[in-house]
Amino acid sequence: MIRLGIDLGGTKTEIIALARDGGVALRRRISTPKDYDSLIRALAELVQGVETELGARGSVGMAIPGTESFASDLIKNANTTYLNGKPLRLDLEKILARPVRLANDANCFALSEASDGAAAGAGTVFGVIAGTGVGGGVVIDGKVLGGAHGIGGEWGHIPLPAATVEEVTMAPPCYCGKLGCLEVWCSGPGLAADFKRVTGRDASAERIAASNGTDERAAIGRLIDRFARAMATMVNILDPDVIVMGGGLSNIERLYSELPPLVEKYGFNLGGPPRIVKNMHGDSSGVRGAAWLWPETKT
Ligand SMILES: [Zn+2]
């Protein structure tokens, strides 16, 4: 049995066949179809195409930009909005004639890095994705912590901890309906909005991160301090062995030197800085983690 992983993205959908040694035996990428029925057909064709080419049947795991409700089997919280309210797993199981496992893309990221990435061998792993949004996933002893409602690890929508009076006063609204979520402070767009508020200037997160200017460096400093406050909250609850960073903002090298001592400072007497590392598999983590949703079988 081969293990197939699918990463359903907003614009691209990718499938891989994970080899026994952790390498990628085969990789295909398509544009994500624009409606649900076309998506189901395209996913079936992708799986059948890969299986025909490899001459083997596979287990199927999929990373989705949302959550499957345990109560209803319907997708919720997906930013590919046509998925919301749809029984995606059941429809795929019907067309592929086998069980399918779905997981949030941040959970797949954490699972991939915990399985054979930057956190390999660690017991408790907190995977953080910071890019266009802020997501997170928790893996304990090789298993994703889904939670009672499927939102385990979704720290992007906690309010910014230990907010200053200024941060409370100017708390930006979040698409989820609340004010001042971590996501609106610590995502790429959040960084750009913070820079604009303070300096009055427009700049993308990439440009701010790449610049050595005083204002830009100060903005990254504020980002790191906010991340540290939120991470300390997570560390007090989970006490992970490793925190792995992914997404576009994970390329900011200052994170890895400045975050650990700050998280220690804000945490509950940790007795040392936590281990915070950059991901190993980059953009492939979602699709690799999807394949890892199934155990390896011998047949
Ligand atoms: Zn929110």
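Structure: see above.
We now turn to the structure provided with this report. (Residues numbered from 1 in each chain as written. Predicted model: local features only at pLDDT ≥ 70, side-chain atom pairs only at ≥ 80, totals over all residues. Heavy atoms only, no water.)

1. Description of the pairing of strand 3 (residues 24–31)
As paired strands, strand 2 (residues 12–18) and strand 3 are joined by 7 bridges and run antiparallel to one another. Among the inter-strand pairings, K12 is bridged to a residue of strand 3, identified as S31. (Pairing = 2+ DSSP bridges. Helix = DSSP H or I, 4+ residues; strand = E, 2+ residues; numbered from the N terminus.)

2. Structural notes on the packing of aromatic side chains
Applying the stated rule across the entire model yields 2 aromatic pairs. Each ring, one from F126 and one from W155, has its centre 5.1 Å from the other, and the planes form 80 degrees; the classification is edge-to-face. Placement of the pair is F126 in strand 8 (residues 124–130) and W155 in the loop between strand 10 (143–144) and helix 4 (165–169), with a sequence separation of 29 residues. With respect to class, F126 is no different from W155; both count as buried. The exposure class of W155 is buried, given its relative accessible area of 1%. In this arrangement the basic side chain of R3 is found over the ring face of W292, its NZ or CZ atom lying 4.7 Å from the centre. (Phe/Tyr/Trp six-rings, centres within 6.5 Å; stacked < 30°, edge-to-face > 60°. Buried < 20%, exposed > 50% of the residue type's maximum accessible area, 1.4 Å probe, protein only. Lys NZ or Arg CZ within 6 Å of the ring centre and 35° of its normal.)

3. Focus on the coordination of the zinc ion
Put simply, the ideal angle at a metal is 109.5 degrees for four donors in tetrahedral geometry and 90 or 180 degrees for six donors in octahedral geometry. Coordination of the zinc ion by the protein comes from H157 (ND1), C174 (SG), C176 (SG) and C181 (SG), over a distance range of 2.1 to 2.3 Å. Considered as a linear motif, the donors of the zinc ion on their single chain read H-x16-C-x1-C-x4-C. For C176, a relative accessible area of 29% gives the class partly exposed. (Donors = N, O, S within 2.8 Å, 3.2 Å for Na, K, Ca; no water.)

4. Quick word on the pattern of salt bridges
Scanning the entire structure with this criterion turns up 19 salt bridges. When the shortest N-O distance is used, the salt bridge between R29 and E14 registers 3.2 Å. In this pair, R29 sits in strand 3 while E14 sits in strand 2, placing the two residues 15 residues apart along the sequence. For R29, a relative accessible area of 56% puts it in the exposed group. (Salt bridge = Lys/Arg side-chain N within 4 Å of Asp/Glu carboxyl O.)

5. Topic: unusual backbone geometry
Despite not being glycine, D73 has its phi angle at roughly 65 degrees, a positive value. Turning to its location among the elements, D73 is positioned in the loop between strand 5 (67–68) and strand 6 (75–76). One non-glycine residue with positive phi stands out, namely N77, at about 60 degrees. On the secondary structure map, N77 appears in the loop between strand 6 and helix 2 (88–96).

6. What about the sheet that holds strand 4 (residues 58–64)?
On the basis of which strands lie adjacent, the open sheet formed by 5 strands has the order 3-2-1-4-7 and mixed pairing. Each edge of the open sheet carries a strand with a single partner, namely strand 3 and strand 7 (100–104). For this sheet the average axis-to-axis angle between neighbouring strands, irrespective of direction, equals 20 degrees. Bridging between strand 1 (residues 2–8) and strand 2 involves 6 bridges; their strand directions are antiparallel. Bridging from a neighbouring strand, G5 pairs with I16 of strand 2. (Axes fitted to C-alpha atoms, helices over the stretch in contact; angles between N-to-C directions.)

7. Looking at the packing of helix 8 (residues 214–238) against helix 9 (residues 254–266)
Orientation of helix 8 relative to helix 9, taken along the N-to-C sense of each, is 50 degrees, at an axis distance of 8 Å. Comparing the axis directions of helix 8 and helix 9 gives the class oblique. The crossing of helix 8 and helix 9 is right-handed. Across from R217, I220, G221, I224, D225, F227, A228, R229, M231, A232 and V235 in helix 8, the residues of helix 9 making contact are R254, L255, E258, L259, L262, V263 and Y266. Along the lines of polarity and charge, the residues of the contact of helix 8 with helix 9 split into 12 nonpolar, 1 polar and 5 charged. (Parallel < 35°, antiparallel > 145°, perpendicular 65-115°, else oblique. Left-handed = near helix turned anticlockwise from the far one by under 90°. Contact = heavy atoms within 4.5 Å. Nonpolar A, V, L, I, M, F, W, Y, C, P; charged D, E, K, R; others polar.)

8. Things to note about the layout of surface pockets
Estimated volume of the largest pocket: approximately 1,500 Å³. Every residue lining the largest pocket is counted, 43 residues in all, and those nearest its centre are P65, N79, D105, I129 and T132. Elements supplying a minimum of two residues to the lining of the largest pocket: strand 1, strand 2, strand 3, helix 3 (105–116), strand 9 (134–140) and helix 10 (285–291). At 3 residues, helix 3 tops the list of elements feeding residues into the lining of the largest pocket. Looking at the lining of the largest pocket residue by residue, the class counts come to 10 nonpolar, 23 polar and 10 charged. Empty space within the second largest pocket amounts to approximately 530 Å³. Lining the second largest pocket are 23 residues, with R101, L102, A103, V144 and L293 positioned closest to its centre. Examining the composition of the lining of the second largest pocket, we find that 4 residues originate from one element, strand 7, more than from any other. Each residue belonging to the lining of the second largest pocket can be placed in one class, and the counts come to 10 nonpolar, 8 polar and 5 charged. (1 Å grid on protein atoms, 1.4 Å probe; cavity = no way out; pocket = protein on both sides within 12 Å on 5 of 7 lines; lining within 4 Å. Points joined across faces, edges and corners; volume = space filled by probe spheres on them.)

Scope: geometric values only; no functional claims are made or implied.
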